[in-house]
Amino acid sequence: MGNVTRAEWRWAIIASFLIIALSSIPYLTGYLAQTPDKIFGGAVFDRMDYNVHLASILTGLRGEWAYPILHTHESIPPSYVKLFYIFIGQFGRIVPLSPYTLYEIARVACGVWMSLTMYAFASRFLFSIALRRTAFLFFSLGSGLGWLMLALKWLPDSNVSPIDFWLMDLYGFFSLLTFPHFTTVFALTWSGALAFLNFQRDGKPRDMIFTIITALLILYFQPFAVGILDVVLSLYAISRWMWRRKIIWREFVGLSFMAISQVPLLIYSAFTFWGDATWQSSSGQLIMLSPSPLYYVMGIGIVGALAFFGVWRLIRRAPNESWLLMIWMVAVAVLIYLPTQFQRRFTEGAWAPLSVLAAMGVATLLPRLRRLKGVAAWVRYPYPRARGLVIMLIILIASASSLYLTFGGALITLTRNATLFDSADMMNAMSWLQTNSQWQETIFTSEKTGNVIPARIGHRVYLGHPVETANYTVKVENANRFFSTMKDEERMGLLTQCGCRYLFYGSNERELGSFNPDTANYLKRVFASGTTMVYEVTR
């Protein structure tokens, strides 16, 4: 790796904050669009998962470390998994801030960490400062050709939209725009890979120890994501051994210790996710299958096309550290179609090696501009300036979907879309529950309201999330019937069966049917704000 100068780090830091500022536009417009009657929920994309993460932050703020599943009425044994957002909540006990502020601080801080780690990762394989910056911008802003698919109204599957607009696991900017646990896992994955390369080169045990620590942290924060680092490093080491026609035993021992160190946590995670009926139901509902390969081809777009030329550049040379990038891409291409239920998870962090390969592709293709003398004479641009303009144009085109997400999200918040904003009456009712009930006392609601309550006040609900809610399909049907055609005897039985202490009744519940809680002799109204009421279950 060429040394990274102070001037480069200054550029990377400034660029990182500018990109984070760009990603913050939808949130800024959301909070500015708030009114006394319409409260911004804090998320623009994937609010359902965002609310799960806020609920975890509130758990940490209560001083607890065990992960509770608050979006389902069943209680679970103490489970110390998926701790990232609980860590954030614990930090909030030291610095008293709201969960929304804590989340945004984490999004910015982890985004900066990811961005700077990406620059270090690119610098390991690229000696040209211009190419390092190109790879950095490909990663930080780049996306696919989803915008073109929408413009042409072409979708291989009418039920699946372009991955540019929903597969945040893959893209650097989309992850920065949404979830800090993704950016953290990205940074840990690349840091572990860089440390392993150092270990291969220098043989210092501390580098291998660092790689092992990063793998364990990934396992704590995102259990399945560690498989990417394990597979890539193992395949890369094996390829080196095959090329040299001998096993390098220190690497074999280091990777063996890395695998062994993960076994206790893997066993614990397996017992957690499959040893309890509630966790087992939740885990079984986490289905993340890959779409048609055409979606991935369009999803990597121009960056992927340039990466192809980067691969062509590498395979014509003797194997070196840069082969790690190719092996990474091949591994991901296989993993995303293995017969598992979380195929898409294996795309996490892959945009970084793809971006570095794309920068190598730029280095392969742009010298051909020198041959276009007629064009150069016509536009009267010397080669160095034309090269810079071409790179800027490529980055701009590659960033189209990211810009679409940013400014499209901002426009949606300005309309105060009902999926992103909550009524003041709804918030008042939740505040009453926060003051007058315990978090373990289950609240019966519709799915929409149930998704918000754990995020706002950290209390348990009957239903609220497609994955976190055990027996989700059954509960959705139960809730829909409860507020519409269900008989009172069955309603009483359902409330007794789930141990629900309160019933929340607002606009979301009213949309489901004609049920009037005031006529039910097993419910007592204890709070009202406008058209939103809270009832205590009395039988």
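The shown structure was predicted, so the numbers you read here are calculated from the model rather than taken from an experiment. (Residues numbered from 1 in each chain as written. Predicted model: local features only at pLDDT ≥ 70, side-chain atom pairs only at ≥ 80, totals over all residues. Heavy atoms only, no water.)

J.: Go over a nonpolar patch on the surface, please, and point to the residues and values.
T.: A contiguous nonpolar patch, built from F91, I94, V95, L97 and I105 and spanning about 430 Å² of accessible area, is present on the exposed surface. When you line up the elements, I94 lands in helix α4 (residues 84–94). By relative accessible area, which is 67% here, I94 ends up exposed. (Patch = residues over 30% accessible without salt bridge, like charges linked within 9 Å, V, L, I, M, F, W, Y side chains within 5 Å. Areas by Shrake-Rupley, 256 points an atom, 1.4 Å probe, with all protein chains shown as cover. Salt bridge = Lys/Arg side-chain N within 4 Å of Asp/Glu carboxyl O. Helix = DSSP H or I, 4+ residues; strand = E, 2+ residues; numbered from the N terminus. Buried < 20%, exposed > 50% of the residue type's maximum accessible area, 1.4 Å probe, protein only.)

J.: Break down the packing of helix α5 (residues 99–125) against helix α16 (residues 351–365) for me, citing the residues and quoting the values.
T.: Relative to each other, α5 and α16 sit at 45°, their axes nearing to 10 Å. If you check the angle between α5 and α16, you find them oblique. Judged by the twist between their axes, the crossing of α5 over α16 is right-handed. In contact with M118, F121, A122 and F125 of α5, α16 contributes A352, P353, S355, V356 and M360. Its residues assigned to classes, the contact of α5 with α16 shows eight nonpolar, one polar and no charged. (Axes fitted to C-alpha atoms, helices over the stretch in contact; angles between N-to-C directions. Parallel < 35°, antiparallel > 145°, perpendicular 65-115°, else oblique. Left-handed = near helix turned anticlockwise from the far one by under 90°. Contact = heavy atoms within 4.5 Å. Nonpolar A, V, L, I, M, F, W, Y, C, P; charged D, E, K, R; others polar.)

J.: So what about the side chain of S283? Which residues, and what values?
T.: Along the chain, S283 turns up in helix α13 (residues 277–284). Excluding its chain neighbours within four sequence positions, the residues that come into contact with S283 are F273, W274 and Q341.

J.: Before we move on, could you go through the layout of surface pockets and cite the residues and values that matter?
T.: Each pocket or cavity is described by its volume, and for the second largest pocket that value is around 420 Å³. Around the second largest pocket, the lining comprises 16 residues; the ones closest to its centre are A418, T419, D422, K448 and N508. At the level of elements, α3 (47–61), β2 (421–423), α21 (447–457) and α24 (507–510) are the ones that each hand at least two residues to the lining of the second largest pocket. Its residues placed into classes, the lining of the second largest pocket shows five nonpolar, six polar and five charged. (1 Å grid on protein atoms, 1.4 Å probe; cavity = no way out; pocket = protein on both sides within 12 Å on 5 of 7 lines; lining within 4 Å. Points joined across faces, edges and corners; volume = space filled by probe spheres on them.)

J.: So, the side chain of T214: which residues are in play, and what are the values?
T.: Inspection of the secondary structure puts T214 in helix α10 (residues 205–221). Among the polar contacts listed, one links the side chain of T214 to the backbone oxygen of T211, at a separation of 2.6 Å. Here T214 is in contact with L188, S191, G192 and L229, once residues within four sequence places are set aside. (Polar contact = N/O pair within 3.5 Å; in protein donor to acceptor, adjacent residues only side chain to side chain.)

J.: Account for helix α19 (residues 400–414), with residues named and values stated.
T.: With 15 residues, α19 should cover 21 Å at 1.5 Å per step; its first-to-last C-alpha distance of 21 Å lies within 8% of that length. All of the buried residues in α19 are S401, S402, L405, T406, G409, A410 and T413. The positive-phi residue at the C-terminal boundary of α19 is R416, with phi of around 55°. (Expected span 1.5 Å × (residues − 1).)

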